[in-house]
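The chain contents come next:
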Amino acid sequence: MAENFDLIVIGSGPGGYVCAIRAAQLGLKTAIVEKDASFGGTCLNVGCIPSKALLHASELFEEAGGKFAAMGIGIGAPALDLAAMMRFKDEGVEGNVKGVAFLLKKNKIEAFRGVGRILAPGRVEVKGADGATQTVEARNIVIATGSDVAKLKDVAIDESRIVSSTGALALPQVPERLLVVGAGVIGLELGSVWRRLGAQVIVVEFLDRIMPGVDLEVANQFQRILQRQGMRFKLGSKVTAIDASESRLKVSIEPVAGGAAEIIEADVALIAIGRVPHTEGLGLEAVGVARDERGRILTDAHFATSVPGIYAIGDVIAGPMLAHKAEDEGVAVAEILAGRAGHVNYDVIPNVIYTYPELASVGRSEDELKAEGIAYKVGKFPFSANGRAKVNRQTEGFVKILADAATDRVLGVHILGPDAGNMIAEAAVAMEFGASSEDIARTCHAHPTLSEAVKEAALAVEKRAIHV
Ligand code: FAD
Ligand code: NAI
């Protein structure tokens, strides 16, 4: 017999579970469908959370091996217990995943375990692991089914030697040589993890730069820092084949511009060339939900698909594939369905790469402003001139603020430096309030903090930074 709800959310990642909680808070009788064994989606199980656990642990491992002695902490060479580090990560994941289960229960959201398929507007079939099906009915459906790893043509991922991010988060031993395909965020974060733990890391990137989408000046300096740390890059290159027939992988690489191919040997290859929307088995064609040329579900500004009563959010629709973007969309669509005014400001979505140093940005890059023909002013301030960074010996990187030449409104903030991911929140709040660079410059920042570099960069917009 069908059960009746106000809302069914398909997928319990950061988009789906947050949407369900907000809907329940607003009084909607809400159900959630999840095909995997645990709630939390890519982010909590095989994405944000486990990768950050390994980034944290491996950063401390490297610091203990290199920087402790200079601070007068003598511990000898640190020993790696990789199995224990993996347990640290797994326990962190478990804690977060259980937290989501608790929140769903607390908000009286009914969870259905199994693969969801839309039979018609208002009707979802859930097929459990045992093959049994049941039908759930609701006034509205929100699709939050996330994304999957993009595959490299003719290269089969086995998650043991040729891995996606999922396999790279669980390698049983440190590879002597790791070859990463794609100098995007996964390649650089997980490449950093394994380099810190002892692997030689070489990153092959199709474009002639790393981190497409990030301000070019910032990306170039980031690349130089990563190279100094020992990461190697082969830009303008493509992997054409991986031969896994022998004990070491033989990776064929060709220059994109043409020229001689070369073979690089590696123990593990990480394929990190992007992610694709996950819509398999959802029954979208049958109900007529339209998608774009990249397979993303098409929505209007209110997350409505081409079929009335069916909405979509998160990685499965256009926009940056980020957990906080999915969460904000989840809240917005729940509010819209409850008759309120839900909204996401896509101009102010922070983006953080959790390497060392971190790279965080919000708003437009200099390249984007040039392309759009917007006149802008630039203020920059290096961490080498920030007292706290100097005393902590964390002086690499800088803050860059881009402000409208006529109005001084902040258009973009880019931070390459220690703790940049936390500091970018100040810039996001300022931009959300329509701040000028002068507003940031006139705001009192505590001393001695890294955040003073943000204030100094704002002062530098009018060429009046104090400490340079
Ligand atoms: P997902 O989290 O992918 O969740 C979708 C859920 O839907 C899954 O649980 C899936 O099992 C379920 N599902 C799919 N189809 C069905 C179906 N038919 N029936 C039932 N259930 C279904 N983002 C950040 O912002 N910060 C980070 O630090 C970060 N790190 C990342 C690291 C890695 C290694 C990866 C891979 C991603 C990372 N991301 C990060 C991206 C982030 O994980 C995604 O943007 C986010 O998870 C998208 O949320 P979502 O709810 O749209 O989808
Ligand atoms: P990405 O889009 O960040 O980077 C992919 C890179 O691979 C690009 O530089 C691209 O030019 C390159 N590439 C594409 N095809 C190639 C080929 N054939 N050969 C060589 N290079 C090729 O994708 P990535 O790193 O896989 O991450 C997927 C998504 O996950 C991202 O969109 C990101 O938003 C999200 N994510 C976010 C994190 C964060 O916020 N800290 C961490 C990890 C993932």
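What counts as what
Residues numbered from 1 in each chain as written. Chains lettered and ligands numbered in written order. Predicted model: local features only at pLDDT ≥ 70, side-chain atom pairs only at ≥ 80, totals over all residues. Heavy atoms only, no water. Near = heavy atom within 4 Å. Polar contact = N/O pair within 3.5 Å; in protein donor to acceptor, adjacent residues only side chain to side chain. Areas by Shrake-Rupley, 256 points an atom, 1.4 Å probe, with all protein chains shown as cover. Helix = DSSP H or I, 4+ residues; strand = E, 2+ residues; numbered from the N terminus. Nonpolar A, V, L, I, M, F, W, Y, C, P; charged D, E, K, R; others polar. 1 Å grid on protein atoms, 1.4 Å probe; cavity = no way out; pocket = protein on both sides within 12 Å on 5 of 7 lines; lining within 4 Å. Points joined across faces, edges and corners; volume = space filled by probe spheres on them. Domains from an automatic or database assignment. Buried < 20%, exposed > 50% of the residue type's maximum accessible area, 1.4 Å probe, protein only. Salt bridge = Lys/Arg side-chain N within 4 Å of Asp/Glu carboxyl O. Expected span 1.5 Å × (residues − 1). Contact = heavy atoms within 4.5 Å. Buried area = accessible area lost by both parts, 1.4 Å probe. Phe/Tyr/Trp six-rings, centres within 6.5 Å; stacked < 30°, edge-to-face > 60°. Lys NZ or Arg CZ within 6 Å of the ring centre and 35° of its normal.

Enquirer: Got a sec to walk through the site of ligand 2? Specific residues and values, please.
Expert: The immediate surroundings of ligand 2 are formed by 22 residues, with I186, E205, G274, M321 and V352 found nearest. Between V185 and ligand 2, the recorded distance is 3.3 Å, taken from a backbone N or O atom to an oxygen atom. The backbone of V352 places a nitrogen or oxygen atom 2.8 Å from a nitrogen atom of ligand 2. Notes on ligand 2: free accessible area 850 Å², of which the protein chains cover 78%. Here the shell around ligand 2 takes 3 residues from helix 6 (residues 185-196), the largest share from any one element. Class assignment for the residues of the shell around ligand 2 results in 15 nonpolar, 3 polar and 4 charged.

Enquirer: Residues and numbers for the layout of surface pockets, please.
Expert: Considered as a void within the structure, the second largest pocket measures approximately 210 Å³ in volume. Lining of the second largest pocket is provided by E59, E62, E63, G66, K67, R195, Q229, Y356, R393, Q394, T395 and E396. Broken down by element, the lining of the second largest pocket gets its largest block of residues, 4 residues, from helix 3 (residues 48-66). The residue makeup of the lining of the second largest pocket, split by class, is 1 nonpolar, 4 polar and 7 charged. If you count residues domain by domain, the lining of the second largest pocket takes at least three from each of domain 1 (3-148 + 276-344) and domain 3 (348-461).

Enquirer: Account for unusual backbone geometry, with residues named and values stated.
Expert: The omega angle of the peptide bond from Y356 to P357 is -10 degrees, so this bond is cis rather than trans. Of note, P357 is situated in the loop between strand 18 (351-353) and strand 19 (358-363). Cis geometry is found at the peptide bond from H447 to P448, where omega equals -5 degrees. Positionally, P448 belongs in the loop between helix 13 (437-442) and helix 14 (452-461). Residues other than glycine seldom take positive phi values, yet D408 does so here, at roughly 70 degrees. As for its placement among the helices and strands, D408 is situated in the loop between strand 21 (398-404) and strand 22 (410-417). According to the relative accessible area criterion, D408 is buried, its value standing at 10%.

Enquirer: Go over the pattern of salt bridges, please, and point to the residues and values.
Expert: In the structure shown here, the tally under the stated rule is 28 salt bridges. Salt-bridge contacts for R22 lead to E335; the nearest nitrogen and oxygen are separated by 2.8 Å. Residue R22 is located in helix 1 (residues 14-25), and its partner E335 is located in helix 9 (residues 323-337); the two are separated by 313 residues in the primary sequence. With respect to burial, R22 and E335 carry one shared label: buried. Residue D90 is joined to K89 by a salt bridge in which the shortest nitrogen-to-oxygen separation is 3.2 Å.

Enquirer: Which residues make up the site of ligand 1, and what are the values?
Expert: As a matter of local geometry, ligand 1 sits amid 39 residues, with E34, T42, K52, G116 and A323 nearest to it. A distance of 2.9 Å is found between an oxygen atom of ligand 1 and a side-chain nitrogen or oxygen belonging to D315. M321 is positioned such that a nitrogen or oxygen atom in its backbone is 3.2 Å from an oxygen atom of ligand 1. Burial of ligand 1 by the surrounding chains reaches 95%, relative to a free accessible area of 1,000 Å². Looking at the shell around ligand 1 element by element, the count peaks at 4 residues for helix 2 (residues 41-46). For the shell around ligand 1, the class distribution of residues is 15 nonpolar, 18 polar and 6 charged.

Enquirer: I'd like a description of helix 3, backed by residues and values.
Expert: Taking 1.5 Å per residue, 19 residues should reach 27 Å; helix 3 reaches 27 Å between its end C-alpha atoms and fits that length. Listed as buried for helix 3 are P50, S51, A53, L54, L55, A57, S58, F61, E63 and A64. On the buried face of helix 3, the contacting elements are helix 2, helix 4 (82-106) and helix 6.

Enquirer: Before we move on, could you go through the domain arrangement of the chain and cite the residues and values that matter?
Expert: Its domain assignment divides the chain into domain 1 (3-148 + 276-344), domain 2 (162-273) and domain 3 (348-461). Measuring from the centre of the C-alpha atoms in domain 1 to the corresponding centre in domain 2 gives 28 Å. Between domain 1 and domain 2, the residue contacts involve 16 residues of the former and 16 residues of the latter. Summed over both sides, the interface of domain 1 with domain 2 buries roughly 1,200 Å², with 66% coming from carbon and sulfur. The tally of links from domain 1 across to domain 2 stands at 2 salt bridges. Among the ionic pairs, K52 bridges to E189, the shortest N-O distance being 2.8 Å. Applying the counting rule to domain 1 against domain 2 returns 5 residue pairs in polar contact (both at pLDDT 80 or more). Secondary structure elements with two or more residues in the side of domain 1 that touches domain 2: helix 3 and helix 4. It is helix 3 that contributes the most residues to the side of domain 1 that touches domain 2, 9 residues altogether. In terms of residue class, the side of domain 1 that touches domain 2 is built from 9 nonpolar, 3 polar and 4 charged.

Enquirer: Can you explain the packing of aromatic side chains? Please cite residues and give values.
Expert: Per the counting criterion, the structure on display carries 1 aromatic pair. Each ring, one from F5 and one from F112, has its centre 5.9 Å from the other, and the planes form 90 degrees; the classification is edge-to-face. Linking F5 in strand 1 (residues 3-10) with F112 in strand 3 (residues 110-113), this pair joins segments that are 107 residues apart in sequence. Judged by its relative accessible area of 4%, F112 is buried. Lying across the ring of F5, K29 places its NZ or CZ 4.7 Å from the centre. Between the NZ or CZ atom of R113 and the centre of the ring of F39, over which it lies, the distance is 4.0 Å.

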